[in-house]
Each structure stands twice: as C-alpha cells, then as structure tokens.
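Descriptive structure summary
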Amino acid sequence: MKSERPRQLSTAEERRATVLRTAIGAFAARGYFGTTTTEVAKAAGISQAYVYRLFPSKESLFVAVVEHCFVQVRASLERAAAEARGSGADVVLAAMGGSYAKLIGDNDLMLIQLQAQAAAASEPAVREVVRQGYARLVEYVRGASGGSEQQVQEFFARGMLCHLIASTGADEVDAPWSRTLSAGIRHY
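Just so it is clear, the model here is predicted, and its values are computed rather than measured.

1. Some details on the overall build of the protein
Looking only at helices and strands, the protein has nine helices and zero strands in total. Along the protein, from the amino end to the carboxyl end, the secondary structure elements read α-α-α-α-α-α-α-α-α. Principal axes of the C-alpha set define a box for the protein whose edges measure 65 × 35 × 35 Å. Taking all 188 residues of the protein together, 40% fall into the buried category. Nonlocal contacts in the protein, meaning residues at least 24 apart in sequence, comprise 64% of its contacts between residues at least 6 apart. If you average the places of the 21 positive and of the 19 negative side-chain charges in the protein, the two averages end up 6 Å apart.

2. Describing the confidence of the model for the protein
Across the protein, the average pLDDT comes to 92, with 94% of residues at or above 70. The least confident element of the protein, judged by mean pLDDT, is helix H1 (residues 12–34) at 93; the most confident is helix H7 (residues 124–145) at 98.

3. Things to note about helix H6 (residues 107–120)
Along its 14 residues, H6 runs 20 Å from first to last C-alpha, staying within 8% of the 20 Å computed at 1.5 Å per residue. Residues Leu 109, Met 110, Ile 112, Gln 113, Ala 116, Ala 119 and Ala 120 constitute the buried set of H6. Residues of H6 that are buried in the fold lie against H1, helix H4 (58–83), helix H5 (89–103), H7 and helix H8 (149–168).

4. Some remarks on the packing of H1 against helix H2 (residues 37–44)
Orientation of H1 relative to H2, taken along the N-to-C sense of each, is 140 degrees, at an axis distance of 9 Å. Between H1 and H2, the interaxial angle falls into the category oblique. H2 is crossed by H1, and the crossing has right-handed handedness. The segment H1 lies against H2, with Arg 15, Thr 18, Val 19, Thr 22, Ala 23, Ala 26, Arg 30 and Gly 34 engaging Glu 39, Val 40, Ala 43 and Ala 44. Of the residues in the contact of H1 with H2, the class split is six nonpolar, three polar and three charged.

5. A short note on the nonpolar core
Formed by 55 residues in total, the largest nonpolar core has its most connected members in Leu 77, Met 96 and Val 141. Of all the secondary-structure elements, those providing two or more residues to this core are H1, H2, helix H3 (48–54), H4, H5, H6, H7 and H8. Take this core: its biggest share by element is twelve residues, from H4.

6. A word on the environment of Trp 177
Positionally, Trp 177 belongs in helix H9 (residues 176–182). For Trp 177, a relative accessible area of 47% puts it in the partly exposed group. Put simply, Trp 177 and Val 126 are 51 residues apart on the chain and 33 Å apart in space, counted from C-alpha to C-alpha.

7. Here we look at the pattern of salt bridges
Here the structure, examined in full by the defined rule, presents six salt bridges. Among the salt bridges present, the one from Glu 139 reaches Arg 142, with a minimum N-O distance of 2.7 Å. With Glu 139 and Arg 142 both in helix H7 and three residues apart, the pair spans about one turn of that helix. Its relative accessible area of 46% is what places Glu 139 among the partly exposed residues. Under the relative-accessibility criterion, Arg 142 is labelled partly exposed at 24%. In the salt-bridge network here, residues are joined through shared partners; they are Glu 139, Arg 142 and Glu 149.

8. Describing the side chain of Ser 76
The topology assignment puts Ser 76 in helix H4. Other than its neighbours up to four places away in sequence, Ser 76 contacts Ser 99, Tyr 100 and Leu 103.

9. As for H8
When the terminal C-alpha atoms of H8 are compared, their 29 Å separation across 20 residues agrees well with the 28 Å that a helix rising 1.5 Å per residue should span. Contacts made by the buried residues of H8 are with H4, H5, H6, H7 and H9. Taken from the residues just after H8, Gly 169 is the one with a positive phi, measuring 70 degrees.

The rules behind these values
- Residues numbered from 1 in each chain as written.
- Predicted model: local features only at pLDDT ≥ 70, side-chain atom pairs only at ≥ 80, totals over all residues.
- Heavy atoms only, no water.
- Helix = DSSP H or I, 4+ residues; strand = E, 2+ residues; numbered from the N terminus.
- Buried < 20%, exposed > 50% of the residue type's maximum accessible area, 1.4 Å probe, protein only.
- Contact = heavy atoms within 4.5 Å.
- Lys, Arg positive; Asp, Glu negative; His and termini not counted.
- Charge placed at Lys NZ, Arg CZ, Asp CG, Glu CD.
- pLDDT = per-residue confidence, 0-100.
- Expected span 1.5 Å × (residues − 1).
- Axes fitted to C-alpha atoms, helices over the stretch in contact; angles between N-to-C directions.
- Parallel < 35°, antiparallel > 145°, perpendicular 65-115°, else oblique.
- Left-handed = near helix turned anticlockwise from the far one by under 90°.
- Nonpolar A, V, L, I, M, F, W, Y, C, P; charged D, E, K, R; others polar.
- Core = buried A, V, L, I, M, F, W, Y, C linked by side-chain atoms within 4.5 Å.
- Salt bridge = Lys/Arg side-chain N within 4 Å of Asp/Glu carboxyl O.

And the structure:
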C-alpha cells in the first residue's frame, strides 16, 4: 500500500509572500488604480476574501509592495557600497549607481517605483510610504558614500533620469534629444 503524505497547507506568511509577489507583477503592469484585488487573488490562486485577511485593503497591499521594493533597492545599494573599490564618495556612488542600473533591469521593480510616484500624487498613504522610503535611502546613501548634499542629490536625479530613459526606451532612439538624455547612462 502506498503511503500517502498529508497535504501540506501553506502558512499565512507563505501566502502573504505569494500574494506580495503576485501583486508586484499586477501593480507594475496596471498601476495602483488599474489593479483589482480580485485580479491579484486569482493570479495567486486564492480567494479575494483571503487576500483581505492578509492585507486589509488594496491600499495596504500596494503599500506593502512599495515597501518591499524599497527594501530591494536598499539591499542592492548596500551590496554595492560594500564591494566598492575604494572609499571615496565618487567611487561608492558610482558602485551604487551601477548596482541600481542593474536592479532596474527588473522591469517590475522600476515600474512599481514609477506607479508609486504616480499614486503618491493623490493617495496620502502611498505618498507617505514613498516619502519614508526615499528618506531612508537618501540617509543611507549619504552615510555610506560620505557624499556632499550635491553629490547625493545628483545620484538620485540620475536615478530618476534612468527611470525616464528605461521607461520610454529613449536609449533605443537615435535622435539628438535621446542621445542628450542617455549620454553617460548605462543600463543592463
């Protein structure tokens, strides 16, 4: 007689992680306003009611997705700072910039950042999580690099320019305006 193993049920934390991963793709593709919890639940293979047990609202789910993305960005910057070939601000910032450029090669992460910034304009809870996320990143970059205010500002401005270039495919267009925007910007 064949021994049947009992079916292993997922824990709430495993389901929460599954919903979060699924929601990243959904929100990246359709944004905060264009994504429903029904779509996320269906893609995660659970009921919408269970999504609401894990995340009390669509807003709380989106906030969790945005927070998750900020954690990924921070981890990438930390690895780059630790592996930088020198300790000068320019060297550390360049290493972090290269790491970030590779990270946003994951289109979903970049799209979540863009979607979060768009939703922040009208949704206070999203605005707050974006503010907090950038506050932590700015302070980390300042401390890890030892860069000046101007260097840190330019680091983040360059990151935003990377978003623009990558999201519009400007680096794929052979025109004076796109060459101007893309000059010196590397994407993976």
